[in-house]
Amino acid sequence: MDTIILSVIVVGITGMVLGAFIAVAAKKFAVELDPRIDEVAGMLPGANCGGCGFAGCSDLAKNIVEGKAPAGRCPVCAAETVEKIAAYLGQAAEKKEKMVAVVLCSGTLSNSKMAAGYNGVLDCRSANLLNGGGKACRFGCIGFGTCARTCKFGAIEVIDGLAVVHPELCVGCGQCAEICPRKMIKLVPAAAPVHVYCNSLEKPVLRRKKCAGACISCRKCVKAEPEKMSSQGFMVRVNYSNAPDASIVEKAQCPAKCLLTPEEHLKAVRDGIKKNEGAA
Amino acid sequence: MNSTQKVVKFRGGVHPREGKELTASRELRIAPLLEKYIVPIRQSIGAPPTLCVKKGDAVKKGQRIAEPGGFVSVPLHSPTSGTVGDVVEIIGVTGAAEQAVEIIADGQDEWGAGLDPIPNWENTDRELLKKRILDAGIVGMGGAAFPTHVKLSPPPEKNIDTLIINGAECEPYLTADHRLMLDRGEAALIGASIAAKILKVDRVFVGIEENKPDAIQKMTELASKYKINVVPLRVRYPQGAEKQLIYALTGRKVVEGGLPMDVGCVVMNVGTAAAVHNAVVLGEPLIERITTVTGSPVADPANFLFRIGTPIRKALELCGGVTTPPAKVIMGGPMMGFAQSNIEVPITKNSSGVLLMAPEEVEQFMGNPCIRCGRCVAACPMNLLIPQLSVMVEAEKFDMAEHNYVMDCMECGICAYVCPAKRPLVQHFRRAKAEILAKRRKK
Amino acid sequence: MSEENNTVKLPEPGSLIVSSSPHLHENSSISKIMLQVLLCLLPAVLAAVWFFGLPALKVMVYCVAFCMLLEYLWCRLMKQKSTLCDFSAAVTGLILALNLPSHSQWWLCAVGSFVAIIIAKQVFGGLGQNPFNPAAVGRVALLIGFTGPMTTQWVAPTPGAFVGAFDAVTTATPLTLAKAGAFQATTSATPLSVAKNCAENVDPFAALQTADSYWNYFIGNMGGSLGETSALAILIGAIGLLAFRLIRWEIPVAVLGTMAIFTWIVHTTSPSTTPGPLFHLLTGGAMIGAFFMATDMVTSPLTRRGCVIFGAGIGIITCVIRIWGGFPEGMSFAIVIMNALVPLIDRFCFKRPFGWTHASGGAK
């Protein structure tokens, strides 16, 4: 019985002493933190994607509160959230357009001609140092999915050796565009309904030899909407500062099936596999 | 005067199958003139030269077609007489796109008014000789393609006392340097003497691996005329690597990030030495080199004297083509060479060999996990802890890899050679080095 | 070849493989290494069957089968590429079997295999990722969880009588005898067990240390786990291991050397505490541990110096457990403990790259 009482006393006293010590320490060594930082961090998405350029969401919150970064720095936040943060800090929210990433390439394995068999690390950045993987086209997607592994939001899927961004999942943080060794993932306004899915700078004859999905630079789309499309050299792009609406697909009748909405592109990529399986 | 030079053993290394018997005893063949040469504009480390001719210009053999783009840069010369064609984009040796200029031969192969021979080089000013080496466009022909005139211009505070002529040729299959020493040994030794004069050094070594006894004998006989020591070296890859070679011959260690000149040495390939001789004594710029075309699928492997800009396709045609379809075409040796995706790639100043491998000889890299057998650690000549490093690179922890000395890796390929899991280790380390360099540049 | 140049056969475009250098590889692979290990284990397997008869064979078949089955099931469940063909599971199973008593029940084998393959290996990420030797972990788990079947149910060897082993005479291993002090060698405990419980006598181990008994220990004619008994068979296998370059000689030399020195010191200062060094080297798991378990590539250090430290650590821990610890045998404990230290040893023994000096700031 004595033993039990003794142990209870010893443990009790130890606990009290340590508790008092912690209480004193907490008072004495307390770090003054701006409470607004926690509040702002709570409003940010919390994915720590790094798209803002700071070390995670709480770091961005600290910088926003300290005025070193604008409230709209987070590329992921919806406009309402930005407004909320700005209102909380008493700042005026600036309007920003929602951006999404897009892989402007139709070079699926079914479409691509292979220049060589690639045997090595299945990572685009490694492959880029070694003949750029196996595909013959040197401008298109390598297809080993480094961007898909980088994406914190699971918005990129590699289908048939081609990375495809799902715009509904993409938040536009831009990490994929950063990591892509060919720098061929573009951040475009989410409002743009169509894209030209080819990134090649080569002569159309040469690029068609390497990829059955390549743009042939016929410029039908440019003729259909001269203001809303742009062409530089052999490369045709949507003019993203004045994007055409989806009706241009009907109007242009792209012979190479390169001018597509993201949904049609995704479907075309998926169908490519089926066609391939059917042939095999 | 076979020297009693004590040869130190470097750590690690391997002895792969040699494959040199395919070409070592074959006589050197001189490649006939082609109709068209494709000359890559950038053929050396440093600034790319700028083209000084345009399409349609008539050029003579040995005429300058590009001017150096800086101090660490060399001019480029026309391999034959004819007209300048298009500037085209080709896939280069490393697999990256690069610019090349076409030279359409007129079949005359006429020398232009270029460099005057300096037969009396012993009494010529050192700066003039150096200028001549620059004018002749000479770069290191062993592999790195470092401009030779830069190598021969060490800063005055570096006290250079040793010139090492690298005839080790430790890469399996290649015999270009071996043939060069047998057929043009004297030229190499004169070239070495010229380089020694420029550097003002007395101590000149020619290091040759012991698996070339005929070359050692020939060179030793010839060297007695010059003040040059021929030293037989242990047969062990990578005996011909600069740092290992210096260590083996002088016992000096080149510090990480340092150059051979930091320990008073200059290393030069035998082929480069012979080119120095041609430039000075004969007044010929560097427009041709000896290249081994070999491998089991090649019908008639041999060493050739090729003009710079000869596509691999033509080289293979001269060898009678292939007997079986090869799985790999490699520019360079099997340990450090680059696999090519097409056979239009031209031979450049540093192409020591074209190696074809049959499908059954090619072992594929696998993504197998490391089983920590430690064979790479035992064999790595740089003492790197490869299992840890490779895991760090796979996890993309490049900072950590940098702290663990990944930048010391010289990509000799020994780790991947011994790896039973067939891990693509060299590719990992190349990636890590590229990422780290890119990050350093950003800073 | 044809006379015309344009009919010369050249490589087809698109048929070539690009890969990073090097393009030559040594003729080795993981499965080849594992098969070589299995080959080197063959003498120990044969010795086990010779001394303990068919039950021994049954234990080995159980363990190998369970290990390979569990590996297969895990890969199926985790939707990974099957790693069955690298034979590493077979090696683990066989080494585990050689660490079990000859009359082990099937469930003992199953539990051991489960711990070895699933807990010690696969949950850490499979081959190459496991910090601990799977077979050693399996044995340790059984030793702690099922101390009875693992330490008392020894069967006396019946050399050559394959069927005779069915009416088994129970016995003790020399180590058990050394530990227990019960040196009626006729009822055969493991030699080490006898060595343990007999501190009062002047030389309580006399019966364990005759020339005859040493010969029996050497060829394996004593009670014990399947593969532990025959030093001769292990040594034959070890020659193979060294010849195939599968192990670094530093580890077994360090393990056995340290054990010999340590026990020699203890034995000379106090002969009643423990038998002499030769006894310790020839009995228990010293041989199989030193040559086949401590040398496991995945769980041993990478550098030579590291191997020496690692081996010495195993030797000391083993002897401490044998002489003063609660179990008659400490080899597998020692291996698992030292496995945990391998990353530290690797870090400590890392030599700076060629060319680095202290002056050049190499120490990081």
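Please read all numbers here as calculations on a predicted model, not as lab measurements. (Residues numbered from 1 in each chain as written. Chains lettered and ligands numbered in written order. Predicted model: local features only at pLDDT ≥ 70, side-chain atom pairs only at ≥ 80, totals over all residues. Heavy atoms only, no water.)

### Details of the sheet that holds strand β12 (residues 265-269) of chain B
All names here are of chain B. Taken together, the four strands give an open sheet; going across it, the order is β11-β10-β9-β12, and neighbouring strands pair in parallel fashion. Whereas interior strands pair on both sides, the edge strands pair on one side only; in this sheet they are β11 (229-233) and β12. Adjacent strand axes in the sheet meet at a mean angle of 25° when their direction is disregarded. Taken strand by strand, helix α3 (residues 176-199) contacts β9 (162-167), β10 (203-209) and β12, and its axis lies near 165° from that of β9. (Pairing = 2+ DSSP bridges. Helix = DSSP H or I, 4+ residues; strand = E, 2+ residues; numbered from the N terminus. Axes fitted to C-alpha atoms, helices over the stretch in contact; angles between N-to-C directions. Contact = heavy atoms within 4.5 Å.)

### Description of the packing of helix α3 (residues 88-98) of chain C against helix α4 (residues 106-119) of chain C
Residue and element names in this part refer to chain C. Where α3 meets α4, the closest approach of the two axes is 10 Å, and the angle between their N-to-C directions is 135°. Our classification of the angle between α3 and α4 gives oblique. Remark: the crossing between α3 and α4 carries right-handed chirality. Side by side, α3 and α4 meet where A89, T92 and L96 of the first sit next to C109, G112, S113, A116 and I117 of the second. Taken together, the residues that form the contact of α3 with α4 break down as five nonpolar, three polar and no charged. (Parallel < 35°, antiparallel > 145°, perpendicular 65-115°, else oblique. Left-handed = near helix turned anticlockwise from the far one by under 90°. Nonpolar A, V, L, I, M, F, W, Y, C, P; charged D, E, K, R; others polar.)

### A short note on α3(C)
Extensive coverage of α3(C) is indicated by the burial of 11 of its 11 residues. Every buried residue of α3(C) is listed here: S88(C), A89(C), A90(C), V91(C), T92(C), G93(C), L94(C), I95(C), L96(C), A97(C) and L98(C). (Buried < 20%, exposed > 50% of the residue type's maximum accessible area, 1.4 Å probe, protein only.)

### Things to note about the pairing of strand β15 (residues 328-331) of chain B
Residues and elements named next belong to chain B. Judged by which residues are buried, β15 turns out to be covered on both faces: K328 and I330 on one side and V329 and M331 on the other are all buried. Note: β15 against strand β17 (residues 353-357), four bridges, orientation antiparallel. Across the sheet, residue M331 finds its bridge partner in β17, namely V354. Bridge analysis of β15 against strand β16 (residues 338-340) gives three bridges, and the strand direction is antiparallel. Across the sheet, M331 pairs through a bridge with F338, a residue of β16.

### Notes on the interface of chain A and chain C
On the side of chain C, six residues touch chain A, which itself brings eight residues to the contact. When chain A packs against chain C, close to 540 Å² is buried across both sides, 61% of that on carbon and sulfur atoms. Across the chain A-chain C interface, the total number found is zero salt bridges. Inspection of the region where chain A meets chain C yields three residue pairs in polar contact (both at pLDDT 80 or more). Class assignment for the residues of the side of chain A that touches chain C results in five nonpolar, three polar and no charged. Bridge count for strand β2 (residues 117-119) of chain A against strand β1 (residues 17-19) of chain C is three bridges, and the pairing is parallel. (Buried area = accessible area lost by both parts, 1.4 Å probe. Salt bridge = Lys/Arg side-chain N within 4 Å of Asp/Glu carboxyl O. Polar contact = N/O pair within 3.5 Å; in protein donor to acceptor, adjacent residues only side chain to side chain.)

### A word on a negative patch on the surface
Together, E168(A), E250(A), E263(A) and E264(A) line one region of the surface with negative charge. If you trace the backbone, E168(A) turns up in the loop between β4 (162-165) and α7 (175-179). (Patch = residues over 30% accessible without salt bridge, like charges linked within 9 Å, V, L, I, M, F, W, Y side chains within 5 Å. Areas by Shrake-Rupley, 256 points an atom, 1.4 Å probe, with all protein chains shown as cover. Lys, Arg positive; Asp, Glu negative; His and termini not counted. Charge placed at Lys NZ, Arg CZ, Asp CG, Glu CD.)

### Thoughts on the sheet that holds strand β3 (residues 50-51) of chain B
Residue and element names in this part refer to chain B. Judged by pairing direction, the sheet is antiparallel, and its three strands sit side by side in the order β3-β5-β6 without closing on themselves. Strands at the two margins of the open sheet, each flanked by one partner only, are β3 and β6 (76-77). Of the pairings in the sheet, the one linking β3 to strand β5 (residues 64-67) comprises two bridges and is antiparallel in character. Within β5, the position partnered with L51 by the bridge is A66.

### Observations concerning the state of the cysteines
Counting across every chain of the model gives zero disulfides over all chains. Note on C370(B): no disulfide assigned, nearest cysteine sulfur contributed by C376(B) at a separation of 6.3 Å. Judged by its relative accessible area of 13%, C370(B) falls in the buried class. For C109(C), which is in no disulfide, the shortest distance to another cysteine sulfur is to C63(C) and amounts to 3.9 Å. (Disulfide = S-S within 2.5 Å.)

### Re the packing of helix α11 (residues 250-269) of chain C against helix α13 (residues 286-293) of chain C
All names here are of chain C. Two elements in contact, α11 and α13, have axes whose closest approach is 8 Å; the angle formed by their N-to-C orientations is 155°. By the angle between their axes, α11 is roughly antiparallel relative to α13. Viewed along their axes, α11 and α13 form a crossing whose handedness is right-handed. Contacts from I251, P252, V255, L256 and M259 of α11 reach α13 at A286, M287, A290 and F291.

### Here we look at the packing of aromatic side chains
Enumeration according to the criterion identifies 10 aromatic pairs over all chains in this entry. With centroids separated by 6.0 Å and ring planes inclined at 40°, the aromatic side chains of W215(C) and F218(C) adopt a geometry described as tilted. Here W215(C) and its partner F218(C) are both found in helix α9 (residues 211-219), three residues apart, which amounts to about one turn of the helix. Classification of F218(C) as partly exposed rests on a relative accessible area of 24%. Each member of the aromatic cluster is reached from another via a ring pair, and the members are Y214(C), Y217(C) and F279(C). Directly above the ring of F10(B) sits R234(B), whose terminal nitrogen or CZ lies 5.2 Å from the centroid. (Phe/Tyr/Trp six-rings, centres within 6.5 Å; stacked < 30°, edge-to-face > 60°. Lys NZ or Arg CZ within 6 Å of the ring centre and 35° of its normal.)

### Brief notes about the pattern of salt bridges
Tallied over the full model, the rule gives 45 salt bridges over all chains. The partner of K267(A) in a salt bridge is D271(A), and the shortest N-O contact between them spans 3.3 Å. One end of the pair is K267(A) and the other is D271(A), both in helix α11 (residues 262-279) and four residues apart, which spans about a single turn. What makes D271(A) partly exposed here is its relative accessible area of 30%. Note that D399(B) and K439(B) form a salt bridge whose closest N and O atoms lie 2.7 Å from each other. Within this pair, whereas D399(B) is found in helix α10 (residues 398-403), its partner K439(B) is found in helix α12 (residues 425-442), the two being separated by 40 residues in sequence.

### Quick word on the interface of chain B and chain C
Counting from both sides, the interface comprises 74 residues of chain B and, opposite them, 49 residues of chain C. Carbon and sulfur atoms make up 61% of the area that chain B and chain C hide from each other, which totals about 5,300 Å². A salt bridge links R372(B) to D346(C); the shortest N-O distance between them is 3.1 Å. The tally of links from chain B across to chain C stands at 19 residue pairs in polar contact (both at pLDDT 80 or more). The residue inventory of the side of chain B that touches chain C, partitioned by class, reads 41 nonpolar, 18 polar and 15 charged.

### What about the nonpolar core?
A general trend in soluble globular proteins is that nonpolar side chains are found buried together. In this structure, F429(B), M60(C), F292(C) and I314(C) are the most contacted members of the largest nonpolar core, which totals 138 residues. Looking at which element gives the most residues to this core, the answer is helix α1 (residues 30-52) of chain C, with 13 residues. Among all residues touching F429(B), those that are not within four sequence positions of it are I386(B), L389(B), S390(B), V393(B), V406(B), C409(B) and C415(B). By size, the runner-up hydrophobic cluster in this structure holds 52 residues, among which are L152(B), I160(B), A188(B) and V204(B). (Core = buried A, V, L, I, M, F, W, Y, C linked by side-chain atoms within 4.5 Å.)

### What to know about the domain arrangement of chain A
Residues and elements named next belong to chain A. Assigned domains of chain A: these are domain 1 (35-89) and domain 2 (99-279). On a C-alpha basis, the centres of domain 1 and domain 2 stand 32 Å from each other. Contacts between the two partners involve seven residues from domain 1, matched on the other side by six residues from domain 2. Between domain 1 and domain 2, a total of about 520 Å² is buried, with carbon and sulfur atoms accounting for 62% of that surface. Three residues, C49, P75 and V76, lead the burial of domain 1 against domain 2; their summed loss comes to 65% of the area buried on that side. Counting across the domain 1 and domain 2 interface gives zero salt bridges. Where domain 1 packs against domain 2, one counts zero residue pairs in polar contact (both at pLDDT 80 or more). Looking at the side of domain 1 that touches domain 2, its residues break down into four nonpolar, three polar and no charged. (Domains from an automatic or database assignment.)

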